[in-house]
Amino acid sequence: MKEKRDLSVLRSFAPDWTWTAITATWLLWPFLAHVGPASPTAFGSVSAISAAGHPGYAVVATVAALLLAAASLWKLAAWFLRHKLAMLAEPGRPLAIVINVVSSLCALVIPATHAMTFATRPGYFSGVAWWAWAMAALSLGWNAFSIMNLIRVLSERDEGFREYIEFRRVTEKPEKLIFNLGRSRGIQRRLTLSFTGLILVVVVVLATSLLGDFGSTLLRAIMDNGRSLADRTSSIVKTNIGDRIAIDDYLAIEAVKNKSASFPFSSVSQYRRDPKTGAYAVRSSTDPSLIGEVLDAGQAEAVSMQPTMTEGDSTIEFRAPVVLSGVNLGFVSVVYDREMIYGPYYLTKVKAVIIAFLFLYASVFITFLFGRSIVFPILFLRMGVSSISKRLSSMVKGQERVSADNLLYNDRVVTRDEIKKLSVEIGNMAAVIRGVIPYISASTLMNSEKGLPTTERRDLAFLFTDIRGFTTICEGLAPEEVVAMLNHYLDLQTTAIVANGGEIDKFVGDEMMAMFDGPDKEIRACRAGMHIRKVMAEAQEKARTDSSAIVSIGIGINSGQVVFGSVGARERMDFTSIGDTVNLAARLEGANKTYGTKSLVSDTVYERVKQHFVCREIDLITVKGKNVPVRIYEVLQETAKAPAKLRQIKEGFEAGLAAYRAKRWAAAKKFFGKVHELYGDEASVVFLHRIDVFEASPPPAGWDGVFRMTVK
């Protein structure tokens with residue numbers, strides 16, 4: 001395990017070490033070599049920029065180079081300090097990633113300042129070494145990766161973001177696209193692309209417009225300067241036509257002024273015309289190499305007697321004629337080097353492109369983060385609504401227990417805008433639904449999506465409970481106290497029902513009707529009955545301690561075919577069950593009062609649960625409104641938990657019951673009397689009273705042992 005952990009740590013450091021090795025090579029390899037303006041290495045760029053007389057760019061490049069060197073040294077030492085300074089050393093920590101962002105940014109700033117200093121002509125970029133281009137591209141890629149990694153790490157620290165990621169993992173299919181790119185489906189992605197595109201258009205239009213205006217202004221300035229210089233020189237030549245020394249002195253002065261001029265010329269020359277041949281030759285010039293140069297015949301014929309401007313591939317020439325008393329004595333030529341003139345313009349264009357790119361590059365991440373502040377509240381809103389929707393849907397489909405506690409709305413929106421207001425409204429709506437849920441039966445909820453009233457035949461088990469002497473208990477209590485007491489006991493019973501897979505169908509005053517579905521419905525219904533008896537016994541014990549009213553209940557359980565469906569009016573319906581099975585379960589609950597029992601079940605239920613519960617047969621009865629007798633049993637306890645006492649009660653009572661049905665009154669009285677004497681069994685007392693009646697007035701010869709109940 002330790003070896004795997006160490007290997008994992010090494011892998012986490014590998015990208016940082018690779019970047020450090022590249023930057024260290026870039027910093028140190030050309031350090032002692034001659035570095036020209038077209039070789040933007042780290043310290044070489046600093047030297048070149050400083051020598052060019054650009055202190056501002058030199059300071060920026062120097063700081064960037066020093067920061068890059070410091071970051072490289074730190075990354076080399078991080079492995080040894082990862083335990084003591086984990087916050088700065090471990091690659092996955094935010095501060096360590098910030099160092100990567102800063103170092104890669106510095107690696108971009110150095111060539112950018114070099115270009116903004118020396119890129120005065122297109123040939124600059126063609127002269128840049130391939131490794132300089134590779135370093136710039138690598139720096140840009142590492143910077144973008146580090147920024148995205150920093151955003152990811154900071155996001156994962158937010159609990160809401162982690163919950164949303166888990167929500168997406170569970171609810172959405174994973175995309176097979178690389179880096180999740182290819183389809184712009186999310187709001188944040190579309191927002192980022194839209195704003196970035198808009199910013200790109202604005203930057204391009206603005207830069208193009210400004211550079212166009214700058215180019216036009218530059219050209220007009222050159223034209224004004226060139227024409228002015230040509231006209232001024234022409235006037236000097238006219239004034240001193242015979243004084244060459246004066247003309248040479250004037251040109252020398254212009255040459256000195258040209259060194260600090262905004263738009264330096266290449267040469268200012270005086271061409272004299274030979275009156276015999278008509279040829280033009282340079283008589284005086286700021287460029288001594290041009291003196292004596294003669295225009296060929298074609299060029300001589302093209303000489304105009306008016307001021308002209310001619311643009312060549314590499315030069316711009318302004319000419320002013322020297323005419324004295326109508327005689328053409330020659331002309332003055334002022335020549336500008338095109339690249340020299342347009343150098344500031346091209347350099348400005350390079351600066352504009354670099355600044356625009358950096359601005360656009362930064363805007364991508366800024367827009368992304370800005371989009372998150374807008375999109376995340378919406379995503380959290382979606383997550384909260386989806387959670388409630390799925391849980392409500394699961395309740396409707398019967399996949400999850402119907403409970404208001406499962407519909408809690410978690411408001412994660414922390415902004416103070418319309419989205420927050422919407423989230424509050426959704427929370428209010430969820431609160432209303434939670435308030436309604438307890439008043440809707442699970443059956444009604446699960447069948448609500450059917451729309452139209454429906455009915456079907458189903459095989460279900462039913463459990464009825466009723467509080468004994470509820471009216472008497474309520475005497476002298478305030479209505480609020482009655483409701484509180486009733487809710488308390490119904491809540492105890494409901495918890496037991498739900499814990500055993502049952503469903504509350506309805507409450508009718510102090511009576512409760514529950515139903516169970518599935519192949520083991522009878523077993524679960526009986527277990528729910530045992531559970532109810534247990535919690536009610538605990539409540540009785542507490543009531544004795546508190547000297548409050550002791551509440552007892554009766555339980556009746558039956559199973560069989562029923563008609564299950566929507567019952568009620570068009571404006572108010574309920575899903576419930578109707579049939580003899582339901583009626584018998586209710587009658588069995590009431591029969592407990594007759595026999596002094598706690599949980600009575602029908603013979604149908606008994607046949608399904610006799611292997612799991614200790615049950616004793618109580619009687620053969622016909623309930624009110626029915627003529628067919630039903631054999632009823634009392635559920636005493638689960639077989640695995642039943643003590644010997646319950647088995648003795650079962651055996652003694654059933655022996656007495658057999659003697660009773662055989663009209664052997666003495667034997668029956670003996671068995672029932674013994675069970676009552678030993679265990680205080682109330683059902684035995686019932687049969688002892690019956691035997692007394694039959695001894696005084698024997699039953700008819702055809703007596704079938706059926707007891708016909710006349711009350712519910």
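Rules behind the numbers
- Residues numbered from 1 in each chain as written.
- Predicted model: local features only at pLDDT ≥ 70, side-chain atom pairs only at ≥ 80, totals over all residues.
- Heavy atoms only, no water.
- pLDDT = per-residue confidence, 0-100.
- Contact = heavy atoms within 4.5 Å.
- Pairing = 2+ DSSP bridges.
- Helix = DSSP H or I, 4+ residues; strand = E, 2+ residues; numbered from the N terminus.
- Axes fitted to C-alpha atoms, helices over the stretch in contact; angles between N-to-C directions.
- Core = buried A, V, L, I, M, F, W, Y, C linked by side-chain atoms within 4.5 Å.
- Buried < 20%, exposed > 50% of the residue type's maximum accessible area, 1.4 Å probe, protein only.
- Polar contact = N/O pair within 3.5 Å; in protein donor to acceptor, adjacent residues only side chain to side chain.

Explain the confidence of the model for the protein chain here, please?
Segments scoring low in pLDDT should not have their predicted coordinates read at a detailed level. Across the protein chain, the average pLDDT comes to 81, with 89% of residues at 70 or higher. Low pLDDT, under 50, characterises residues 32-38; the stretch is placed with 12 contacts to residues that sit more than four places away or in other chains. In the model, residues 176-184 has pLDDT below 50 throughout and makes 9 contacts with residues more than four positions away in sequence or in other chains.

I keep staring at the sheet that holds strand β4 (residues 315-324) and nothing clicks. Help me out?
Two orientations exist for strands paired in a sheet by backbone hydrogen bonds: parallel and antiparallel. With antiparallel pairing, 5 strands are arranged side by side in an open sheet as β2-β1-β5-β4-β3. Strands with a single pairing partner mark the edges of an open sheet, and in this sheet they are β2 (280-285) and β3 (308-311). This sheet shows a mean twist of 25° between the axes of neighbouring strands, independent of strand direction. Where strand β1 (residues 267-273) meets β2, 5 bridges bridge the pair, whose relative direction is antiparallel. Looking at β2, one finds that serine 269 is bridged to serine 285. Packing against the sheet, helix α10 (residues 244-258) makes contact with β1 and β2, and its axis sits at approximately 65° to β2. In this fold helix α12 (residues 338-396) packs onto β3, β4 and β5 (327-337), with an angle of close to 45° to the strand it touches most, β5.

Explanation requested: the nonpolar core in the structure shown.
Soluble globular proteins tend to bury their nonpolar side chains together. The biggest cluster of nonpolar side chains holds 37 residues, and the ones touching the most others in it are Leu463, Ile467, Ile497, Cys526, Ile532, Ile557 and Phe613. Examining the composition of this core, we find that 8 residues originate from one element, helix α17 (residues 521-546), more than from any other. Ignoring sequence-local partners within four residues, the contact set of leucine 463 consists of Ile497, Met512, Met513, Ala514, Phe516, Ala525, Ala528, Gly529, Ile532, Ile555, Gly556 and Ile557. With 29 residues, the next largest nonpolar core counts Ala61, Cys106, Ala107 and Val350 among its residues.

Even after reading the chapter, I still don't get the side chain of threonine 581, so can you show me in this structure?
The residue threonine 581 is located in helix α18 (residues 580-595) in this model. Note on threonine 581: relative accessible area 9%, which makes it buried. From its side chain, threonine 581 meets the backbone oxygen of glutamine 561 in a polar contact 3.1 Å long. The contacts of threonine 581, once residues within four sequence positions are left out, are Leu460, Phe462, Asn558, Ser559, Gly560, Gln561 and Val562.

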